[in-house]
Amino acid sequence: MTAPPANRLGAYLRDRRARLDPAALGFPAGRRRTPGLRREEVAQRANISPTWYTWLEQGRGGAPSADVLNRIASGLMLTEHEREHLFILGLGRPPEVRYRAVDGVTPRLQRVLDVMETSPAIMKNATWDVVAWNSAAAAVLTDYGALPPEGRNVLRLIFTHSRVKAAQEDWWAVARYVVAAFRADAARAGAGDEIGRLVEELSRLSPEFETLWRENQVIAHGEGLKRLHHAELGVLELEFSTFAVEGRPELAMVVYNPVAAADAGRIRALVAARAP
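Anyway, here's the lowdown on the structure attached to this text. Since we're looking at a predicted model, the values are computed, not measured.

Cut-offs applied
Residues numbered from 1 in each chain as written. Predicted model: local features only at pLDDT ≥ 70, side-chain atom pairs only at ≥ 80, totals over all residues. Heavy atoms only, no water. Helix = DSSP H or I, 4+ residues; strand = E, 2+ residues; numbered from the N terminus. Rg over C-alpha atoms; globule rule 2.2 N^0.38 Å. Contact = heavy atoms within 4.5 Å. Areas by Shrake-Rupley, 256 points an atom, 1.4 Å probe, with all protein chains shown as cover. Lys, Arg positive; Asp, Glu negative; His and termini not counted. Charge placed at Lys NZ, Arg CZ, Asp CG, Glu CD. Core = buried A, V, L, I, M, F, W, Y, C linked by side-chain atoms within 4.5 Å. Buried < 20%, exposed > 50% of the residue type's maximum accessible area, 1.4 Å probe, protein only. Pairing = 2+ DSSP bridges. Axes fitted to C-alpha atoms, helices over the stretch in contact; angles between N-to-C directions. Polar contact = N/O pair within 3.5 Å; in protein donor to acceptor, adjacent residues only side chain to side chain. Arc of directions from axis to C-beta. Phe/Tyr/Trp six-rings, centres within 6.5 Å; stacked < 30°, edge-to-face > 60°. Lys NZ or Arg CZ within 6 Å of the ring centre and 35° of its normal.

## Considering the overall build of the chain
- Along the backbone of the chain there are 13 helices and 5 strands.
- Over its C-alpha atoms the chain spans a radius of gyration of 24 Å, topping by over 25% the 19 Å that the globule rule assigns to 276 residues.
- Taking all contacts inside the chain whose residues are at least 6 apart in sequence as the whole, residues at least 24 apart take part in 52%.
- Entry remark: accessible area of the chain is about 14,900 Å², with carbon and sulfur atoms responsible for 53%.
- Side-chain charges in the chain split into 36 positive and 33 negative, and the spacing between the mean points of these groups amounts to 8 Å.

Here it is as structure tokens:
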């Protein structure tokens, strides 16, 4: 028989606190009947009532609030995955998105990008700043390394960078698609202040952006076809796909695969020519 939700929450809490080392968290080790923290110690770390925490472990007292669960997650030092599981057990839903600014990616993620020699690939964050890219992306899309960090934003490039605008075969269609896809991402990013500032800036700099933003169109940024007029390679036809990064909800990877083998060969030659 499956345990009631409240009992599953209590079992999860007991398991998590049993895994913590009291001495490492500043509590006296001493003699303990069970491993890990005591209930009152978790309550102290979470800044909630010991009685209320005890009731949660015992499946009593009703559903906890999101604030209480966040405090408990912090007190138990839960990872983002563990915190999400805690919310599903306690409230029947995942927590609201918490935006985290990202300046770069791990070496492992960078290696994923680098292995795609003829497919331009980028990592972008919730506000569509490009935070990582491979050599093919630098050669075909934009030399992001030559730009200051604030200049590596996809929307800023599309609406204010003349070379990027000229490379689009149908700039208006691309711009409309980008704004609609960005609006869909922005709705779930949890980065309201950052997005608000970016929208205000672009509306001031680009009448076209302001017009498209007011259309309130929303579209999934999944996959599609892109035609680029490259200054050195001519017209390139690229299929793009967008991937979520497991455990990093603030990141997305976009990969552009050349449709024709000849285009892949030209990209490979250009990347090799630009290599130090």
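Resuming the write-up.
## Points about the nonpolar core
- L141, I158, F159, F182 and F209 are the most contacted members of the largest nonpolar core, which has 42 residues in total.
- Element by element, the count of residues in this core is highest for helix α10 (residues 171-189), at 8 residues.
- Residues contacting I158, with those up to four places away along its chain left out, are V164, K165, Q168, W171, V174, A175 and V178.
- Judged by nonpolar contacts, the second largest core, of 21 residues, contains L20, V42, Y53 and L76.

## Examining the sheet that holds strand β4 (residues 234-245)
- With antiparallel pairing, the 5 strands of this open sheet are ordered in space as β2-β1-β5-β4-β3. Sheet topology places β2 (130-133) and β3 (223-230) at the edges, where each strand pairs with a single neighbour. Each adjacent strand pair in this sheet contributes to an overall mean axis angle of 30°, direction not counted.
- Summarising the sheet, β4 and strand β5 (residues 248-258) pair through 8 bridges and their orientation is antiparallel. When the sheet's bridge partners are listed, F243 is paired in β5 with M253.
- The sheet contacts of helix α6 (residues 107-114) involve β1 (121-124), β2, β4 and β5, and relative to β2 the element is tilted by about 60°.

## Points about the side chain of H230
- Within the secondary structure, H230 is located in strand β3.
- Side-chain polar atoms of H230 contact the backbone oxygen of A139, separated by 2.7 Å.
- Polar side-chain contacts of H230 include one of 3.1 Å to the backbone nitrogen of L233.
- Look past the residues within four positions of H230 in its chain and what remains in contact with it is A139, V140, L236 and L270.

## Looking at the pairing of β1
- The side-chain alternation of β1 yields two buried faces, one formed by A121 and M123 and the other by I122 and K124.
- The pairing of β1 with β5 spans 4 bridges and is classified as antiparallel. Residue pairing in the sheet places M123 in a bridge with M253 of β5.
- Sheet topology note: the β1/β2 ladder contains 3 bridges and is antiparallel.

## Observations concerning helix α4 (residues 66-75)
- Regarding α4, the residues found buried are V68, L69, I72, A73 and G75. Along α4, the residues classed as buried sweep out an arc of 160° about the axis, all on the same side.
- Where α4 ends, the next residue or the one after it, M77, has phi of about 60°, a positive value.

## What about the environment of G151?
- Along the chain, G151 turns up in the loop between α7 (135-140) and α8 (154-160).
- Through-space distance from the C-alpha of G151 to that of R83 is 34 Å; in sequence the pair is 68 residues apart.

## A short note on the environment of N134
- You can see N134 is positioned in the loop between β2 and α7.
- For N134, a relative accessible area of 2% corresponds to the buried category.
- Each residue touching N134, except ones within four places of it in the same chain, is listed here: L113, D114, M116, S119, P120 and A121.
- For N134, the side chain forms a polar contact with the main-chain oxygen of M116, separated by 3.2 Å.
- In terms of polar contacts, N134 uses its side chain to reach the backbone carbonyl oxygen of S119, at 2.9 Å.

## A few points about the packing of aromatic side chains
- A full pass over the atoms with the stated rule returns 9 aromatic pairs.
- Aromatic pair F159 and F209: ring centres 5.3 Å apart, planes at 85°, arrangement edge-to-face. Taken together, the residues span a long stretch of sequence, with F159 in helix α8 and F209 in helix α12 (residues 207-214) at a distance of 50 residues. An identical accessibility class is assigned to F159 and F209; each is buried.
- An angle of 75° between the planes, with centres 5.4 Å apart, marks the rings of W171 and W172 as edge-to-face.
- For W171, a relative accessible area of 13% translates into the label buried.
- Aromatic ring contacts, followed pair by pair, group W128, F159, W171, W172, F182, F209 and W213 into a single cluster.
- Over the aromatic face of W171 sits the side chain of K165, whose NZ or CZ is 4.8 Å from the ring centroid.
- Taking the ring centre of W213 as reference, the NZ or CZ of R183 above it sits at 3.8 Å.

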